[in-house]
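# Per-entry structural report
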Amino acid sequence: GGELALGKNILVAYMPWEGYNFEDATHVTTQGPERITKEIPHLEGRLLRNLDKNGIVMLGSWVETGDILVGKLTPQVAKESSYAPEDRLLRAILGIQEYPKLHINHNQIRLKRSPNLPLRFRDDGTFKILQVADMHFGMGSITRCIDVTDAEYGYCSDLNTTRFLRRMIEAERPDLIAFTGDNIFGSSTTDAAESLLQAIGPAIEYGIPWAAILGNHDQESTMNRAELMTFLSLMDFSVSQINPPLEDGSERGALRSIDGFGNYRLRVHGAPGSVLSNSTVFDLFFLDSGDRETVQGRRTYGWIKDSQLSWLQDASKQVKETNHFLLHLLMCSYIQIFYHDYTLVKQDSLTSKQGLKQNMGNFSSNPDPALAFFHIPIPEVRDLWYTPFIGQFQEGVACSIVQSGVLSTFLSMGNVKAAFIGHDHVNDFCGNLKGVWFCYGGGFGYHAYGRRNWHRRARLIEAKLGKGKDTWTGVQRIKTWKRLDDGDLSKIDEQVLWEASYSFLK
């Protein structure tokens, strides 16, 4: 029965619609009323599948977290000058600002800031990756945290996620950040591009190369998966790619026909000044595991398809061919060094053999070690419950009902030593399947579900080069650990995932 007087001629109406009022209201402005409808632009049809012709969820629909229950359109204005005078006054009083969105015009276009490429090991022979799994970023300070204590809830928002990412960057100084899906929580944002800019912001702020893949929630806002990966690839310091290029000499810039968006390979070169400084010694494969699909009438999560596995196999063959060529080249180089004069020729053959072995280290005809990153785990990860694992296995493995052959592909490739996944936020364990480690990142974001009194966390992966007599050689060891978002950024569960066996010249 009260009256609202802010400015002049402002009408606010609470509108139940035939008995429905899903914790919502309708705001009528000079731009026109909001409208309940099923016709929502920029959203895929499957996201609106549960709505009736009026835009309200149908009785008997099976709904889950992130599903749309009410379709609503709100009139938007194009620029500040389009607001009515009373609207401009109200926005000035409340300090509401218009932030620049993505514009395609002569004034806003600028060149992408690219990282120093190629990616390479440091002078100390290390390369460190920070895995950020399931940020579920929404709209910044107005997006509340989930599964935190009552004391934390009053002030907790997406900004806690941003603060955690900054702390991790400053503490670990990674060489690459891998965002492994559900970077934004689509249903919690009205602008996917703006949310991505905020979510990835700290990586850009510190000028660190970063790579991203998609989860099953990223596309639930204003961009589809193709648009998201295109946008991610164009952001500052990104090394993300939409999909792998064609390598058959066809049109420049053409992409391989492959399922999904965000399938690509990153190559990491040896340390500066080393014999392998201009060669790939470490491979990183990023894969799109999809979102939701229907298989024989059953709704299930996505999976890595045959076309993606075929690309992996082709990439593996490339790695082996390149490695064989480099081995031949380096052997020839060292033979010239050892036998360039009569004195060295007269050396004992065993001494020469040892010298060559010391400098070549673990470089052999075997392919360089590789890691894989994707969002949704494969079904075989469930079997790790019955094996020794390091970390916490606290929820069921949510995966596709389809056995896609990812593990058998990794085994046939021979170089994938570990895969890093997300999706199940309160799992943070590593387990070994037939020689390949599968490691969860653990939930990173505060708008993602978790558990009270269970700290958000991040995973680190570090590769270390072997040391020859006078140069860094190939990768010798890969290890991992996690850090908790507590007062000390506690380091837990450090373990070695892989160590090279010296087989060369034995």
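Residues numbered from 1 in each chain as written. Predicted model: local features only at pLDDT ≥ 70, side-chain atom pairs only at ≥ 80, totals over all residues. Heavy atoms only, no water.

### A short note on the pairing of strand β8 (residues 210-213)
Residues in a regular strand point their side chains to alternate faces of the sheet. Burial along β8 is two-sided: the face carrying Trp 210 and Ala 212 and the face carrying Ala 211 and Ile 213 are both buried. Pairing analysis gives four bridges linking strand β7 (residues 176-180) to β8, with the strands arranged parallel. Residue pairing in the sheet places Ala 178 in a bridge with Ala 211 of β8. For the handedness criterion, the β-α-β arrangement of β7, helix α4 (residues 192-205) and β8 is classed as right-handed. (Buried < 20%, exposed > 50% of the residue type's maximum accessible area, 1.4 Å probe, protein only. Helix = DSSP H or I, 4+ residues; strand = E, 2+ residues; numbered from the N terminus. Pairing = 2+ DSSP bridges. Right-handed = clockwise from strand over helix to strand, strands pointing away.)

### Considering the nonpolar core
Across soluble globular proteins, nonpolar side chains have a tendency to be buried as a group. One finds Phe 121, Phe 179, Trp 210, Phe 282, Leu 284, Leu 371 and Phe 373 to be the most contacted residues of the largest nonpolar core, which totals 68 residues. Examining the composition of this core, we find that seven residues originate from one element, α4, more than from any other. Non-local contacts of Phe 373, meaning those with residues more than four positions away in its chain, are made with Ile 129, Ala 178, Thr 180, Ile 213, Leu 284, Phe 285, Phe 286, Leu 287, Phe 420 and Ile 461. Core analysis: the second largest hydrophobic core is formed by 31 residues, Leu 287, Leu 384, Val 436 and Phe 438 among them. (Core = buried A, V, L, I, M, F, W, Y, C linked by side-chain atoms within 4.5 Å. Contact = heavy atoms within 4.5 Å.)

### Examining the state of the cysteines
Applying the stated criterion to the full structure yields two disulfides. A sulfur-sulfur distance of 1.9 Å marks the disulfide that ties Cys 145 to Cys 156. One disulfide, between Cys 145 and Cys 156, carries an S-S torsion of -80° and so falls in the left-handed class. With a gap of 11 residues between them, Cys 145 in the loop between β6 (126-132) and α2 (150-153) and Cys 156 in the loop between α2 and α3 (158-172) connect regions that are remote in the sequence. Across the pair, Cys 156 and Cys 145 agree in class, each one buried. Cys 430 shares a disulfide with Cys 439; S-S distance 2.0 Å. Between Cys 430 and Cys 439 the sulfur-sulfur dihedral comes to about 120°; the bridge is accordingly right-handed. (Disulfide = S-S within 2.5 Å.)

### Some details on the packing of α3 against α4
Where α3 meets α4, the axes come as close as 9 Å, and the angle between the chain directions of the two elements is 20°. Compared by their axis directions, α3 and α4 come out roughly parallel. Crossing handedness for the pair α3 and α4: right-handed. Where α3 approaches α4, its residues Thr 162, Leu 165, Arg 166 and Ile 169 are matched on the opposing element by Gln 198, Ala 199, Pro 202, Ala 203 and Glu 205. Split by residue class, the contact of α3 with α4 holds five nonpolar, two polar and two charged. (Axes fitted to C-alpha atoms, helices over the stretch in contact; angles between N-to-C directions. Parallel < 35°, antiparallel > 145°, perpendicular 65-115°, else oblique. Left-handed = near helix turned anticlockwise from the far one by under 90°. Nonpolar A, V, L, I, M, F, W, Y, C, P; charged D, E, K, R; others polar.)

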